[in-house]
Amino acid sequence: MIQIIIRDENDRYSVAVLVQMAVEGGCRWIRIDLPDADEAYMLELGEQIVPLCREAGVILTIDNHPDIARKLGLHGVHVSDKALNPVALREELGPEAVIGVTVADVGTALAMAKADIDYVQLNDDFDAERIAAFMVDLRQVNPSYPVVAAGDEYAAAIDALLALGVSGVAVGAPMYKADDPVAATEKLMAQIG
């Protein structure tokens, strides 16, 4: 699985246009990460992108804004803000919501699995050696729990990461900074078959 994280608009494209291009390129999961955006902007953006993603069958989640996810009827939320309690969010958003959590160690990952959190994410401060060690330790206890490696540099190493046992990769800039974001998305999607 590849998640494309759209963090902000750039000088060429708005967030809504970037989402549209990701969908056109075959992306099946888009995460919106707009930590500085206000609620009014996010709700307006949601009115533009939610119907597009629904029509295309694309999973659409948002980082650290469960209230926005609920108001827009998104698939779920990714939690990296330590002020948010993923276990409480599971109860609040219900069993059908997709919830992911950024973790730094195997113990936290195992706790998230027990709490019915759908996946954990390892950020780009995990190098290949650290990812491999994490996956070995996790798989000894939970052989199938989904792990996503997040970091733009991972776009060039998807096969190697999958070989280490991760379930997917989350990237942003390789898509939205590309000369042709649709073609860049198609290239990313082709790496996972």
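Residues numbered from 1 in each chain as written. Predicted model: local features only at pLDDT ≥ 70, side-chain atom pairs only at ≥ 80, totals over all residues. Heavy atoms only, no water.

Student: Is there a simple way to explain the nonpolar core in this structure?
Tutor: It is characteristic of soluble globular proteins that their nonpolar side chains tend to be buried jointly. Judged by nonpolar contacts, the single largest core of 63 residues is most densely connected at Ile4, Val19, Ile30, Ile32, Ile131, Phe134 and Leu188. Element by element, the count of residues in this core is highest for helix α1 (residues 15–24), at 7 residues. Beyond its immediate stretch of four places on either side in the chain, Ile32 contacts Ile6, Val15, Val19, Leu45, Ile49, Leu60, Thr61, Ile62 and Asp63. If you look at the next biggest cluster of nonpolar residues, it comprises 7 residues, including Trp29, Val98, Ala150 and Ala170. (Core = buried A, V, L, I, M, F, W, Y, C linked by side-chain atoms within 4.5 Å. Buried < 20%, exposed > 50% of the residue type's maximum accessible area, 1.4 Å probe, protein only. Helix = DSSP H or I, 4+ residues; strand = E, 2+ residues; numbered from the N terminus. Contact = heavy atoms within 4.5 Å.)

Student: Help me out: how do you make sense of the environment of Val103 in this one?
Tutor: Its place among the elements puts Val103 in the loop between β5 (98–102) and α5 (106–114). Since its relative accessible area comes to 5%, Val103 is described here as buried. Distance from Val103 to Val147, taken between C-alpha atoms, is 9.9 Å for residues 44 residues apart in sequence. What Val103 contacts, discounting residues up to four positions off in sequence, is Thr108, Ala109, Met112, Val120, Gln121, Leu122, Phe126 and Phe134.

Student: What is the right way to look at the packing of aromatic side chains in this model?
Tutor: Each aromatic ring pair is specified by the distance between its two centres and by the angle formed by the two planes. Under the definition given, this model contains 2 aromatic pairs. On the numbers, 5.6 Å between centres and 90° between planes, the contact of Trp29 with Tyr119 is edge-to-face. Of this pair, Trp29 sits in strand β2 (residues 29–32) while Tyr119 sits in strand β6 (residues 119–122), placing them 90 residues apart in sequence. An identical accessibility class is assigned to Trp29 and Tyr119; each is buried. Taken together, a centroid distance of 5.9 Å and an interplanar angle of 85° make the contact between Phe126 and Phe134 edge-to-face. A cation over an aromatic ring shows up here: Arg130 above the ring of Phe126, its NZ or CZ 3.7 Å from the ring centre. (Phe/Tyr/Trp six-rings, centres within 6.5 Å; stacked < 30°, edge-to-face > 60°. Lys NZ or Arg CZ within 6 Å of the ring centre and 35° of its normal.)

Student: In this structure, what is going on with helix α6 (residues 128–141)? I would like to understand it.
Tutor: Helix length check: α6, at 14 residues, gives a terminal C-alpha distance of 20 Å against a target of 20 Å (1.5 Å per residue), a fit within 8%. Buried residues of α6: Ile131, Phe134, Met135 and Leu138, and no others. Buried residues along α6 cover an arc of 100° about the axis, so they all sit on one side. Projecting away from the buried face of α6 at angles above 90 degrees are the exposed residues Glu129 and Gln140. (Expected span 1.5 Å × (residues − 1). Arc of directions from axis to C-beta.)

Student: I keep staring at the pattern of salt bridges and nothing clicks. Help me out?
Tutor: Tallied over the entire structure, the rule returns 7 salt bridges. In this structure, Arg31 and Asp63 form a salt bridge, with 2.9 Å as the shortest nitrogen-oxygen distance. Of this pair, Arg31 sits in strand β2 while Asp63 sits in strand β3 (residues 59–63), and the two are 32 residues apart along the sequence. Since its relative accessible area comes to 2%, Arg31 is described here as buried. Here Glu39 ties to Lys71 by a salt bridge, and the two come within 2.5 Å at their closest N and O atoms. Residue Glu39 is found in helix α2 (residues 39–56), and its partner Lys71 is found in helix α3 (residues 66–72); the two are separated by 32 residues along the sequence. When its relative accessible area of 33% is taken as the criterion, Glu39 is described as partly exposed. For Lys71, a relative accessible area of 51% gives the class exposed. A single salt-bridge network, built from bridges that share partners, covers Arg90, Asp116 and Asp118. (Salt bridge = Lys/Arg side-chain N within 4 Å of Asp/Glu carboxyl O.)

Student: Before we go on, may I ask you to explain the sheet that holds β6 in this structure?
Tutor: Adjacent strands of a sheet pair through backbone hydrogen bonds, lying either parallel or antiparallel. Taking strand neighbours around the barrel as the criterion, the 8 strands line up as β1-β2-β3-β4-β5-β6-β7-β8 in a closed arrangement whose pairing is parallel. For this sheet, the mean angle separating the axes of adjacent strands, direction not counted, is 25°. Summarising the sheet, strand β1 (residues 2–6) and strand β8 (residues 168–171) pair through 3 bridges and their orientation is parallel. When the bridges of β8 are listed, Gln3 appears paired with Ala170. Lying over the sheet, helix α4 (residues 86–93) contacts β4 (76–79) and β5, oriented at roughly 170° with respect to β5. Across the face of the sheet, helix α9 (residues 181–190) comes into contact with β1 and β8 while running at roughly 150° to β1. (Pairing = 2+ DSSP bridges. Axes fitted to C-alpha atoms, helices over the stretch in contact; angles between N-to-C directions.)

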